[in-house]
Amino acid sequence: FFPAEDACGGTMRGSSGIISSPNFPNEYHNNADCTWTIVAEPGDTISLIFTDFQMEEKYDYLEIEGSEPPTIGLSGMNIPPPVISNKNWLRLHFVTDSNHRYRGFSAHYQG
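The chain is annotated in an unreviewed UniProt entry as CSMD3 protein of Phainopepla nitens.

## Examining the sheet that holds strand S9 (residues 104-110)
With antiparallel pairing, the four strands of this open sheet are ordered in space as S2-S9-S4-S7. Strands at the two margins of the open sheet, each flanked by one partner only, are strand S2 (16-20) and strand S7 (83-84). Where strand S4 (residues 47-54) meets S7, two bridges bridge the pair, whose relative direction is antiparallel. Counted as the bridge partner of Ser 47 is Ile 84 from S7.

## Some details on the UniProt feature "domain: CUB" (unreviewed entry) in the chain
Mapped onto this numbering, the UniProt entry gives "domain: CUB" (unreviewed entry) at residues 8-111. In residues 8-111, the share of helix is 0% and the share of strand is 47%. The end C-alpha atoms are 22 Å apart.

Each value, and the rule that gives it
Residues numbered from 1 in each chain as written. Predicted model: local features only at pLDDT ≥ 70, side-chain atom pairs only at ≥ 80, totals over all residues. Heavy atoms only, no water. Pairing = 2+ DSSP bridges. Helix = DSSP H or I, 4+ residues; strand = E, 2+ residues; numbered from the N terminus. UniProt positions renumbered as here; feature names shortened; annotations may be inferred.

As structure tokens, this is what we get:
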């Protein structure tokens, strides 16, 4: 059981919005496991543009499914290039381990 403020993830609909790690711009939690699904209109694609990205290299990561290549794993301190979906959805999976916390990520998406 996690208190509500630790809740993260969910389904995002609509033509645009922002997804960021829990607590952003403060440090994310240890042992986080969050999944967001972005769903656009059928036939649309989604672009995901990172505005901030800072996590422990290799141990904390963001995995993105639904683009080319099919799965992208992101970690470390560099802002990744934009990710474009190849269908009308993208799935983001954010995982952190039990030590070292950073600011995490923030990204803007649009359909």
